[in-house]
Each structure stands twice: as structure tokens, then as C-alpha cells.
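Examination of the molecular architecture
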Amino acid sequence: MKVVLHVWRQAGPSAAGSLVDYEANDISPEMSFLEMLDVVNERLIVRGEVPIAFDHDCREGICGSCGMMINGAAHGPMKLTTACQLHMRSFKDGDEIWIEPWRAKAFPVIKDLVVDRGAFDRIIQAGGFVSAPTGSAQDGNAIPIAKQAADEAMDAAACIGCGACVAACPNASASLFTAAKITHLGDLPQGQPERMRRALAMVHQMDIETFGSCTLFGECQEACPKGISIDTIARMNWDYLFAAATERQGAEVGGTG
Amino acid sequence: MERSGLRRFWDSSVGKKIVMGATGLILVAFVIGHMAGNLQFFSGPARFNAYSHLLQVDVIELTWLLRVTLLASVVLHVIAAYQLTMQNRAARPADYVRREPQVSTYAARTMRWGGVYLLLFIPYHLLHFTTGTLHPAFVRGEAYGNVVIGFQTMWVALFYLGAMAFLALHLYHGAWAAFRTLGIARPSNDPLHRRLALAIAVIVPAGFSLLPLSVMLGFIR
């Protein structure tokens, strides 16, 4: 099959970028989207041109490295699917495909489709530690965890930090990411001692990183390759409200990072 | 100087959004009550004027308490909305060449401009029917006659109906989002589903609209 690509090319963080057109011929419908880009890049290299830079690692949809706006949707047209697990059979012969990097002030473009997602790392860091015993493994059921809590925590913990929620949000908000992280620890008994401090610190860091705020468009939930629910955002807001109401000056315990 | 807890709450995007949700719910409760009260219009002049007298004279202290609460709610709601909008605009300085909304509703996308329309509507409405300043033939105590004459001007009635259209959109998103923002919505398999907000968004603006419509269409003169 043949597709026409309009790819965002930007030489560096401060360089001006623009969409550049490429014709990709002889593409197999069985190729993944990233394999298609690999083929385009090989041909660019043969022609002596600079290949298209994009992030990728595991290519099996679990690492969160890849991510790009494909035809105006984060990770492309397929639900619950990262860009690496999207296949060219999702497109038709002769299709035009627009490819752009995630767009947010907090995610500056490094090159072409690669953005700096360090802001996510700093939100995680702000969450600090949990007072869980380390060392040798405990008995499996030493800490009883309700089925409901275990399920909700696991659903939230599925977040791979790819940034699609921010990319798809009309406000470039990181609410779904932050809420997923707050929920997956806040639901478990191990996460209770620092739960309030964590909610305050992570929400605060989210604002420092210049992300937008949540207006509940729901675009993040739709874009999330792991199907994280906006229910987590309600959970984050509740924890934040409760934490702010019960916060005492100088009562902060524990460190961060 | 350590900033106070309240100040930090307001300065955070989540805190500000919670303020918007809480004040929004106060305003939702108000429009439901206001609409229900208005329906007494269809019980005739005596009943409607008596209702007006009750609010304006008999329980005027309570009315003022309500007015102050509503004014404070609107002010907080609008300031928070403005500041969050500015924050959100700044969060994406370079926009996409192509972005396709997947699930966002028309109601969600019109929250801001619809809110501006309502913000222009509210002062006009107060100057029209409460103080009578912008009313062509205002008679204090004659609420029924004031409504009939007020809506006989076509553009005024249309302006009111426009406000109700935006109110419907605002309620459809807001009455659902407020519960989620405040964290009191129950987890759902379909979080975008909103039966209660749909009912409020249809019933409240429809009930309000019956007044201008009945006058415009000549059912009440």
C-alpha cells in the first residue's frame, strides 16, 4: 500500500518546525505504524537525508515511550492502542496521514516527534515514598486488601506515562496521569500513611510544570491506551480537597524523591 | 512568609476547580428553584404577584441573604473560570495543525462563551425585571404585568431564549462535571454518561422558556 505522510520536522528545541510531506510506497498492511516510519527513515538515510526522530522502546505497548498525534488523535485511530501497536491495516491505500508531536508547554519538543516528558517524572518524584516494608517478601495475604480496592488500584497502575492524556486534552492538562498515580497508591493500605501529603504535593507539582486544568471534556480517557478512567480524577480531587481541609502547618512528614 | 492554606488551595488548579464546582452547584440549585417559582406565572396575576410580594417584602431579609450568596458564587465562579482559562491557553502555546476531538460534547466546548453570554444576561435580567431600570413600563409590585409587557418586545424575548439555550448547554456539562470535580460522583463504567444533568438541562431552561414563549405566541397578553 501507499500512504502520504505529513510529518512535523523540527531540527531542535528552539528551531522552527513545519510539516514536511513524504510519500511512503510499498508499505505492507501488516507493518506496525513504527515499522512504517522505520522504512521511511531507511529510505531517507539512503537519500542522504536526516531520518525522522521518534521515541520508541518496547514496541509491545507497555513501556510508554512511543506516542505521537496521528490524524489528530493521540496514538492514532485505534482505541486502547499505543502507536507501536497500531498497524497499517488501520489505514487505506492512498490515505494521507498527519503526524505531529505531543503539544504542551510542559512537553517541549526536543526534535521532530520527540518531546521531553520529564515533567511526568517530577510529578512522580513529588509523590515521595510509601512506608512499605522492604526486604524479603511477605506472605501473599499478610495485608488484607479488598477486591474492589485491589482492582481499582491495578486499573490505575496500568498507566504507562506515555502522555497521550496531556496530548489529547484541549487544555493540555495532566490530570488523568496525576490522578492515576494518586489513585493507584491511595487505594491500597500501603499507600495510606502518606496519602494526603502525596495528593497535595503531586497536584502542586502538576501546576508548577505549567500543565492546564481539567474541564472534563473526557478526551484523555478516550486517548489513554490503558483505558484509565476519569473516575480517577474525581478520586484525586476528593483526596486533594480532604488533604487541604485537614492540612496542618508544619505537620509535613517524610521527604520527597 | 508561609502562604495560608486557603490561599494555596485557591492557587492550585484543582482547588480553583473545586471552587467552580461548589459554586456551580449552588447556582444549579438556584435556577431549579427560580424556575419552579416562575411557573406560578401560569396560575394568574394574583398568585404570581403574591409570590413576588412574598420575596420582595415578606421575607426580604432571606432574599438578601440569597442574593449575597448568589453574587459571591457568581463572582468566585467567574474569576476561577477566567484564571483557569488563561492557565489552559498558556499550557499549549503551539497548537496542533490537526486535532480531532473524539468525545467532547458541544456543551463542553461552549462552556466559556456560553458563560460569557450568561454573564451579560444576568445584569440585564436584573435591570429588566428586578429594578425595572431597562423596562419600558415597569410598575413596582405588578410582577405579572411587568413580565407580559417585558416579553412583548421581540428582541428582548429572543435574548432571553438565547440565554436559556446557553443555560441548557451550561447545565448539561456543568451539572454533571461539578459532581465529578468535587469527587462525590460514584465510579462508573461509563463516566461520560449523565442522566441527571440531562434532566436538569432540559427541564430547567424549558420551564423558564415557557414564560417568554407564551407571551410571544400570544397565549398570554
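Keep in mind it's a predicted model, so treat the numbers as computed, not measured.

Another point: the packing of helix H5 (residues 175-186) of chain A against helix H6 (residues 195-208) of chain A. The angle between the axes and the distance between the axes are what describe a pair of packed helices. Residues and elements named next belong to chain A. The interhelical angle for the contact between H5 and H6, taken along N-to-C directions, is 170°, at an axis separation of 10 Å. Relative to H6, the element H5 is oriented roughly antiparallel. In contact with Thr178, Lys181, Ile182, Leu185 and Gly186 of H5, H6 contributes Arg195, Arg198, Ala199, Met202, Val203 and Met206. Residue composition of the contact of H5 with H6, grouped by class: six nonpolar, two polar and three charged.

This next bit is on the packing of helix H2 (residues 13-38) of chain B against helix H9 (residues 195-216) of chain B. All names here are of chain B. The geometry of H2 relative to H9 is characterised by a closest axis approach of 9 Å and an angle of 40° between their N-to-C directions. Here H2 lies oblique to H9, going by the angle between them. Judged by the sense of rotation from one axis to the other, the crossing of H2 with H9 is left-handed. Contacts from Val28, Val31, Ile32, Met35 and Asn38 of H2 reach H9 at Ile200, Val204, Gly207, Phe208 and Leu211.

Here we take up the interface of chain B and chain A. With 39 residues of chain B at the interface, the matching set in chain A holds 42 residues. Where the side of chain B that touches chain A is concerned, the elements lending two or more residues are helix H1 (5-11), H2, helix H4 (60-90) and helix H8 (154-181) of chain B. The element best represented in the side of chain B that touches chain A is H2(B), accounting for five residues. Tallied by class, the residues present in the side of chain B that touches chain A amount to 20 nonpolar, 11 polar and eight charged.

Let us look at the sheet that holds strand E2 (residues 18-24) of chain A. Note: strands within a sheet are paired through backbone hydrogen bonds, in either parallel or antiparallel orientation. Residue and element names in this part refer to chain A. Taken together, five strands build an open sheet; the order of strands is E2-E1-E5-E3-E4 and the sheet is mixed. Across the chains shown, the open sheet's two edge strands, defined by having one partner strand only, are E2 and strand E4 (73-74). Where strand E1 (residues 3-9) lies against E2, seven bridges are found, and the strand directions are antiparallel. Pairing of arginine 9 across the sheet is with serine 18, part of E2.

The next point concerns H9(B). All names here are of chain B. Given a rise of 1.5 Å per residue, 22 residues ought to cover 32 Å, and the 31 Å separating the end C-alpha atoms of H9 matches this to within 8%. Leucine 210 marks the point of greatest bend in H9, at about 35°, and the proline proline 212 comes within the next four residues. Regarding H9, the residues found buried are Ala197, Ile200, Ala201, Val204, Pro205, Phe208, Ser209, Leu211, Pro212 and Val215. In the segment just after H9, glycine 218 is the residue with positive phi, at about 85°.

This part is about H5(A). Owing to its 3.6 residues per turn, the α-helix aligns residues three or four sequence positions apart on the same side. Residues and elements named next belong to chain A. Along its 12 residues, H5 runs 15 Å from first to last C-alpha, staying within 8% of the 16 Å computed at 1.5 Å per residue. Where burial is concerned, most of H5 is hidden: 12 out of the 12 residues are buried. Along its buried surface, H5 packs onto helix H2 (118-127), helix H3 (147-157), helix H4 (164-168), H6, helix H7 (219-223) and helix H8 (231-246).

Counting 113 residues, the largest nonpolar core has A:Cys165, A:Val166, A:Leu176, A:Ala223 and B:Leu171 as the members making the most contacts within it. Here this core spans two domains, and each of domain 1 (3-105) and domain 2 (117-134 + 141-246) of chain A adds at least three residues to it.

This next bit is on the domain arrangement of chain A. Residues and elements named next belong to chain A. Domain boundaries in chain A define domain 1 (3-105) and domain 2 (117-134 + 141-246). Averaged C-alpha coordinates put domain 1 and domain 2 at centres separated by 29 Å. Tallying the contact residues gives 16 residues for domain 1 and 14 residues for domain 2.

Residues and elements named next belong to chain B. When you line up the elements, leucine 171 lands in helix H8. Judged by the 26 C-beta atoms lying within 10 Å of it, leucine 171 falls in the buried class. In this structure, the C-alpha to C-alpha distance between leucine 171 and arginine 112, residues 59 residues apart in sequence, is 13 Å. Sequence-distant contacts of leucine 171, that is, excluding residues within four places in its chain, are made with Val28, Ala197, Ile200, Ala201 and Val204.

How each quantity is defined
Residues numbered from 1 in each chain as written. Chains lettered and ligands numbered in written order. Predicted model: local features only at pLDDT ≥ 70, side-chain atom pairs only at ≥ 80, totals over all residues. Axes fitted to C-alpha atoms, helices over the stretch in contact; angles between N-to-C directions. Helix = DSSP H or I, 4+ residues; strand = E, 2+ residues; numbered from the N terminus. Parallel < 35°, antiparallel > 145°, perpendicular 65-115°, else oblique. Contact = placed C-beta atoms within 7 Å. Nonpolar A, V, L, I, M, F, W, Y, C, P; charged D, E, K, R; others polar. Left-handed = near helix turned anticlockwise from the far one by under 90°. Pairing = 2+ DSSP bridges. Expected span 1.5 Å × (residues − 1). Bend = angle between axes of the 7 residues up to and from the residue. Buried ≥ 20, exposed ≤ 12 C-beta atoms within 10 Å, placed from the backbone. Core = buried A, V, L, I, M, F, W, Y, C linked by C-beta atoms within 7 Å. Domains from an automatic or database assignment.

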